[in-house]
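Residue strings, one per chain:
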Amino acid sequence: MRVRSAAWFAVLVFVNLPVLAFAQPPCSGIHMKILNIKNSTGTIACALFESPEGFPKDYLHFATNIVSIRIRESQASCHFTDIPPGNYAIAVVHDENMNGILDTNWMGVPREGFGFSNNAKALLSAPSFSAASFQYDGQSIDMALKLNY
């Protein structure tokens, strides 16, 4: 009986050895969880900026990285990997009609959800890059951002 138990133990150890040997550590990068998504319609667009140029409106031309993801059950997360250490800011849009822009009314007030890293506030205009910026050291960083509607 002992021999059989020892044999099963050895089999279980060797079967799981490849899993243990090739286990991946969590991916380093900037991981942003998007909070306060009002519905699952459309997509979430996350734009990572490394300078104030174009922040946040002209993300198609000036963002370092752009991630567009579908919303699942009013939840979404953006992941930026292979990012060198530096100073960054993130702008997020809930693009409900999937037209690739933040829709506004005739006065320029957004009709879709938006948010910025550091939960920087938009009062009469978008916040500055410095208000939304954060330091990234090249390791894994987990953040949360609340959308405003």
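Because the structure is a prediction, the values reported are computed rather than measured.

Turning next to the layout of surface pockets. Roughly 610 Å³ of volume is contained in the largest pocket. Of all elements in the fold, only β2 (43–49), α2 (59–62), β5 (86–95) and β6 (114–116) reach the threshold of two or more residues within the lining of the largest pocket. Here the lining of the largest pocket is built from residues that sort into 19 nonpolar, four polar and two charged.

What follows covers the packing of aromatic side chains. This model, assessed by the stated rule, comprises five aromatic pairs. Seen in terms of ring centroids, Tyr-88 and Tyr-136 are 6.3 Å apart; in terms of plane orientation they differ by 70°. Their pairing is edge-to-face. Taken as a pair, Tyr-88 in strand β5 and Tyr-136 in strand β7 (residues 134–136) lie far apart in primary sequence, 48 residues in all.

Let us look at the environment of Gly-86. Tracing the backbone through its elements, the reader meets Gly-86 in strand β5. With 52 residues separating them along the chain, Gly-86 and Gly-138 place their C-alpha atoms 7.9 Å apart. Setting aside its immediate chain neighbours within four residues, Gly-86 contacts Phe-134, Gln-135 and Tyr-136.

Moving on to the sheet that holds strand β1 (residues 29–35). Within a sheet, each strand pairs with its neighbour through backbone hydrogen bonds, oriented either parallel or antiparallel. With respect to topology, three strands assemble into an open sheet ordered β4-β1-β8, the strand pairing being mixed. The sheet is open, and its two edges are formed by β4 (76–81) and β8 (141–146), each paired on a single side. Adjacent strand axes in the sheet meet at a mean angle of 20°, parallel and antiparallel pairs treated alike. Here β1 runs beside β8; their pairing, made up of six bridges, is parallel. What sits directly across from Ile-34, in β8, is Leu-145.

Take the side chain of Asp-103 next. Inspection of the secondary structure puts Asp-103 in the loop between β5 and β6. Here Asp-103 occupies a buried position and makes no salt bridge, while the nearest side chain of opposite charge, Arg-111, is found at 7.1 Å. A distance of 2.6 Å separates the side chain of Asp-103 from the side chain of Asn-97, its partner in a polar contact. If sequence neighbours within four positions are ignored, Asp-103 has contacts with Asn-97, Val-109, Pro-110, Arg-111 and Glu-112.

Take the environment of Cys-46 next. With respect to the helices, strands and loops of the structure, Cys-46 is situated in strand β2. Placed 14 residues apart in sequence, Cys-46 and Met-32 show a C-alpha to C-alpha distance of 8.9 Å.

Attention now moves to a nonpolar patch on the surface. There is a patch of nonpolar side chains on the surface, built from Trp-106, Met-107 and Val-109 and spanning about 420 Å² of accessible area. The exposure class of Met-107 is exposed, given its relative accessible area of 58%.

Further remarks concern unusual backbone geometry. Apart from glycine, the bulk of residues carry a negative phi angle, and the bulk of peptide bonds sit in the trans form. A cis amide bond links Phe-55 with the next residue in sequence, Pro-56, at an omega value of -10°. Within the secondary structure layout, Pro-56 lies in the loop between β2 and α2. For Asp-82, which is not glycine, the phi torsion reads 55° and is therefore positive. Relative to the helices and strands, Asp-82 is located in the loop between β4 and β5. Classification of Asp-82 by relative accessible area gives exposed; the value is 75%.

A few words now on the nonpolar core. A general trend in soluble globular proteins is that nonpolar side chains are found buried together. Counting residues in each nonpolar core, the largest one holds 21 residues, and the members touching the most others are Ile-30, Ile-34, Ile-44 and Phe-80. Breaking this core down by element, the ones donating at least two residues are β1, β2, β4, β5, β7 and β8. In contact with Ile-44, not counting residues within four places along its chain, are Ile-34, Ile-37, Val-67, Ser-68, Ile-69, Ile-71, Ala-76, Cys-78, Val-92, Val-93, His-94 and Leu-147. In this structure, Tyr-59, Ala-63, Ala-91 and Phe-114 belong to the second largest nonpolar core, which totals 12 residues.

Reading the values: rules and limits
Residues numbered from 1 in each chain as written. Predicted model: local features only at pLDDT ≥ 70, side-chain atom pairs only at ≥ 80, totals over all residues. Heavy atoms only, no water. 1 Å grid on protein atoms, 1.4 Å probe; cavity = no way out; pocket = protein on both sides within 12 Å on 5 of 7 lines; lining within 4 Å. Points joined across faces, edges and corners; volume = space filled by probe spheres on them. Helix = DSSP H or I, 4+ residues; strand = E, 2+ residues; numbered from the N terminus. Nonpolar A, V, L, I, M, F, W, Y, C, P; charged D, E, K, R; others polar. Phe/Tyr/Trp six-rings, centres within 6.5 Å; stacked < 30°, edge-to-face > 60°. Contact = heavy atoms within 4.5 Å. Pairing = 2+ DSSP bridges. Axes fitted to C-alpha atoms, helices over the stretch in contact; angles between N-to-C directions. Buried < 20%, exposed > 50% of the residue type's maximum accessible area, 1.4 Å probe, protein only. Lys, Arg positive; Asp, Glu negative; His and termini not counted. Salt bridge = Lys/Arg side-chain N within 4 Å of Asp/Glu carboxyl O. Polar contact = N/O pair within 3.5 Å; in protein donor to acceptor, adjacent residues only side chain to side chain. Patch = residues over 30% accessible without salt bridge, like charges linked within 9 Å, V, L, I, M, F, W, Y side chains within 5 Å. Areas by Shrake-Rupley, 256 points an atom, 1.4 Å probe, with all protein chains shown as cover. Core = buried A, V, L, I, M, F, W, Y, C linked by side-chain atoms within 4.5 Å.

Read these as layout, nothing more, since geometry by itself doesn't imply function.
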